[in-house]
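# Report on the structure
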Amino acid sequence: SLLGMHGPRFVIAQRAIKFAPVDDDIYAKIAVAAGASVFILLRDPVCPWASDLIMARLESAFRKHGLDPGRHLVAIPWLAPEKFLALLDVCDVYLDCPAFSGYTTAWLAMHRGLPIVALEGRQLRQRLAAGLLRKAGLSETIAASGDDYVAIAARLAAECRDPLRKQALRAAVLAAAPAVD
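Report follows, based on the coordinates. (Residues numbered from 1 in each chain as written. Predicted model: local features only at pLDDT ≥ 70, side-chain atom pairs only at ≥ 80, totals over all residues. Heavy atoms only, no water.)

## Things to note about the packing of helix H6 (residues 146–160) against helix H7 (residues 163–176)
What counts here: Each axis is a line fitted through C-alpha atoms, taken for helices only over the stretch in contact, and angles between the N-to-C directions span 0 to 180 degrees. A run of H or I in DSSP counts as a helix once it spans at least four residues, and a run of E counts as a strand once it spans at least two, with each numbered from the N terminus. Orientation is classified from the angle alone, with under 35 degrees giving roughly parallel, over 145 giving roughly antiparallel, 65 to 115 giving roughly perpendicular, and any other angle giving oblique. Whether two residues are in contact is decided by their heavy atoms, any of which lying within 4.5 Å being enough. All residues other than Ala, Val, Leu, Ile, Met, Phe, Trp, Tyr, Cys, Pro, Asp, Glu, Lys and Arg, Gly among them, are scored as polar; the first ten of these are nonpolar and the last four charged.
Put simply, H6 and H7 touch, their axes get as near as 6 Å, and they point 120° apart. In terms of orientation, H6 lies oblique with respect to H7. Contacts from Leu156, Glu159 and Cys160 in H6 reach Arg165, Lys166 and Leu169 in H7. Partitioning the contact of H6 with H7 into residue classes produces three nonpolar, no polar and three charged.

Encoded structure:
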């Protein structure tokens, strides 16, 4: 539950298969850089056991960076479409999985005004959200490296702590979204 968890809300809305172990530290580094923050994952509807493995890996990565995973990580059930849109509305930043990008979820996030951080890799599967961002003219949140991804996510989290800046960020993403319709 989100009870007792504070700070900007990052959502990582992908099936478990898209989480590569090599990227686990990235999320912990974001938490270190952002301070109080929440990372929301959705439990895989087909392979819930895989979600448990992902959470265990992430908890380990967070502990390795001196963080209490219970203050940052939460897994929620997979949501029906209307509930998923409501989740996007209460989150601050959408984190695209670096190893295997999302397209549909990134498209939905963009159309809810949610800033997206994407790491554009060499493989097509790593470039889907980045392609959406480029087409929408929002390439400033496309990272060139893991460290860049962390820096962009932390910057967006800091901006979302200011209600007016957060509102302006969301408005800019919403205004750009029709370019990818």
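## Concerning the environment of Leu87
What counts, and what does not: Here the term buried applies to any residue with accessible area under 20% of the maximum for its type, exposed to any over 50%, and partly exposed to those in between, with areas from a 1.4 Å probe on protein chains only.
Looking at the element boundaries, Leu87 is found in helix H3 (residues 81–90). Relative accessible area serves as the criterion here: at 10%, Leu87 is assigned to the buried category. In this structure the C-alpha to C-alpha distance between Leu87 and Val11, which are 76 residues apart in sequence, comes to 8.6 Å. Once residues lying within four places of it in the same chain are set aside, the contact partners of Leu87 are Val11, Ile40, Leu42, Ile76 and Leu79.

## A look at the pattern of salt bridges
What counts here: By definition, a salt bridge exists where a carboxyl oxygen of Asp or Glu is found within 4 Å of a side-chain nitrogen of Lys or Arg.
Scanning the model with the defined rule gives eleven salt bridges in all. For Lys166, the salt bridge identified is with Asp92, shortest N-O distance 2.7 Å. Pair noted here: Lys166 is in helix H7 and Asp92 is in the loop between H3 and strand S4 (93–95), with a separation of 74 residues, a long-range link. The salt bridge partner of Arg165 is Glu159, with a shortest N-O separation of 3.0 Å.

## Focus: helix H5 (residues 128–135)
The condition is simple: Directions pointing from the helix axis toward each C-beta atom define the arc.
Every buried residue of H5 is accounted for by Ala129, Ala130, Leu132 and Leu133. Projected down its long axis, H5 shows its buried positions confined to an angular sector of 160°, all on one face. Packing partners of the buried residues in H5 comprise helix H4 (104–111), strand S5 (116–119) and strand S6 (142–143).

## Focus: the sheet that holds strand S1 (residues 9–12)
Condition: Think of it this way: DSSP has to see at least two bridges between two strands before they count as a pair.
As summarised here, the arrangement of the six strands in space is S3-S2-S1-S4-S5-S6, forming an open sheet in which the pairing is parallel. Of all the strands in the sheet, just strand S3 (73–76) and S6 have a single pairing partner and so form its edges. Relative to S6, S5 runs parallel, the two being bridged by two bridges. When the sheet's bridge partners are listed, Ala118 is paired in S6 with Ile142.

## A few points about the pairing of strand S2 (residues 38–42)
To keep it simple, the criterion reads: We call a crossover right-handed when, viewed with the strands running away from us, the connection from the first strand over the helix to the second turns clockwise.
Burial analysis of S2 places five of its five residues in the buried class, the great majority of the element. Burial along S2 is two-sided: Val38, Ile40 and Leu42 and Phe39 and Leu41, pointing in opposite directions, are all buried. Sheet analysis places S1 next to S2, joined by four bridges and oriented parallel. Its bridge partner lying in S2, Ile12 is registered against Leu41. Sheet topology places S2 next to S3; four bridges connect them, and they run parallel. Across the sheet, residue Leu41 finds its bridge partner in S3, namely Ala75. A crossover connection joins S2 to the parallel S3 through helix H2 (residues 48–64); in handedness this β-α-β unit is right-handed.

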